[in-house]
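Next come the chains, spelled out residue by residue.
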Amino acid sequence: MTTISMRGAGYYSANTVGAKTAINKVADLVVAASAKPPALGPSEPFRVADYGAADGGTSMEMMRRLIAAIRQREPRRQIALAYTDLPHNDFSTLFRLTQGLIGEGEAIADIPGVFISAAGTSFYRQIFPDASLSLGFSATAMHWLSRRPCGIADHVQAVGAAPAEREQFRAQALADWETILLARARELKPGGRLVLANFCIDEQGRYLGHTSEVDMFDSFARHWRDLYRAGRIGQSEYENATFQQFYKTSEEFAAPFRDPASAVSKAGLTLESISTMVTPCPYAEAFAEHGDAAAFAHAYVPTLRSWSETVFAGALDPARPAAERMALLDAFYGAYEADVAANPRGHRMDYVHCVAEIAKSA
Ligand SMILES: C[S@@+](CC[C@H](N)C(=O)[O-])C[C@H]1O[C@@H](n2cnc3c(N)ncnc32)[C@H](O)[C@@H]1O
């Protein structure tokens, strides 16, 4: 299986302002959803999960708001907040952030009656006991597939794949979506809610890094191809760089709910609302103000590196010495940065999300 991970030690949160902004934009929906599940028994905690939380930094502000809203309704209600991610996630940073050893603002662990835990179990499995969660949240994580259905010979992401390759990715993504939903259906209490902000392709064909004439994934593919053409990486290294991801459309997200005979509908899940949203790239917005192309490139490309590096690092022959692999990655991202500095127009990593609120039948 391809390794999916982010660079550790708070690197993720510091470089993903856009991800945090996107989460804050759905905070109202999350807060409203938290008021909808049926009343809990007097000693039952309100259980919340953040699926694919990375280091927890980007959802921290939203979690504080959510906790405050629950407490406003029920001042003495205990809250169990569980973060999940893959086993090799940087849980150490997540614990230090939530305990207030790093980061800013009130530590979540310092809020009385809030109990934090974490699970290193994939969201492709059931993570929590049956009917235990009141509210599930996830942002920007469920586009990662459970497996890579095939290689992409001459691109790095399904958006640029050949039609036959793309269809295999789509089939995997639809099967994975059902797996994710069925696991959540078991975890949710009757009347529980899910708010999921997932990367998507919107009604205008926009997706992450493709909201202008420039396509970020085409840029990745081009610079990776340049290393191959220059003889610096081999053919299998070239072909191995494939994002194990797929961006669904709103229609594809909604499909299992619209079919009353689907396993998802039969499991008691209904789609309460679905919409798409674009969150502007903070680096491109800042560039529009300051106009310094080199500074823009120098701020922008590291944020791309924070989440994409493991894909390219993982494609390189492990027999290469570590320093050589790092030099290749530096050359790759260095070329991308030089490209942006020389020709900054259109480079922007706007986030394009599909936001869905889902209810489990009461
Ligand atoms: C782009 S980060 C998003 C982090 C955070 N939710 C946010 O919105 O800023 C995606 C996260 O999803 C996690 N992830 C990918 N596949 C996963 C899976 N099968 N189960 C749990 N987490 C997964 C990755 O490890 C990563 O931490």
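Residues numbered from 1 in each chain as written. Predicted model: local features only at pLDDT ≥ 70, side-chain atom pairs only at ≥ 80, totals over all residues.

Asks: Summarise the overall build of the protein chain; cite the residues concerned and give the values.
Replies: Check the secondary structure of the protein chain and you find 12 helices and eight strands. What you see for the protein chain is a C-alpha radius of gyration of 21 Å, in line with the 21 Å of a compact globule of 362 residues. Oriented by its inertia axes, the alpha-carbon framework of the protein chain measures out at about 65 × 45 × 40 Å. When the 362 residues of the protein chain are sorted by exposure, 44% land in the buried category. (Helix = DSSP H or I, 4+ residues; strand = E, 2+ residues; numbered from the N terminus. Rg over C-alpha atoms; globule rule 2.2 N^0.38 Å. Buried ≥ 20, exposed ≤ 12 C-beta atoms within 10 Å, placed from the backbone.)

Asks: Tell me about the nonpolar core, and please be specific about residues and values.
Replies: If you look at the biggest cluster of nonpolar residues, it comprises 98 residues, and the most contacted ones within it are Val48, Val156, Cys200, Tyr207 and Trp224. Residues contacting tryptophan 224, with those up to four places away along its chain left out, are Val156, Tyr238, Ala241, Phe312 and Phe332. (Core = buried A, V, L, I, M, F, W, Y, C linked by C-beta atoms within 7 Å. Contact = placed C-beta atoms within 7 Å.)

Asks: So what's going on with the environment of serine 122? Which residues, and what values?
Replies: With respect to the helices and strands, serine 122 occurs in the loop between strand S3 (114-119) and strand S4 (133-139). Taking the C-alpha atoms as reference points, serine 122 and serine 146, separated by 24 residues in sequence, lie 8.8 Å from one another.

Asks: Explain the pairing of strand S5 (residues 188-201) to me, and be specific about the residues and the numbers.
Replies: Counting buried residues in S5 gives 12 out of 14 residues, a clear majority hidden from the surface. Of the pairings in the sheet, the one linking S4 to S5 comprises six bridges and is parallel in character. Across the sheet, residue leucine 133 finds its bridge partner in S5, namely leucine 188. Bridging between S5 and strand S8 (residues 351-360) involves seven bridges; their strand directions are antiparallel. What sits directly across from asparagine 198, in S8, is cysteine 354. Sheet topology note: the S5/strand S6 (residues 248-249) ladder contains two bridges and is parallel. The residue bridging cysteine 200 from the neighbouring strand is lysine 248, located in S6. (Pairing = 2+ DSSP bridges.)

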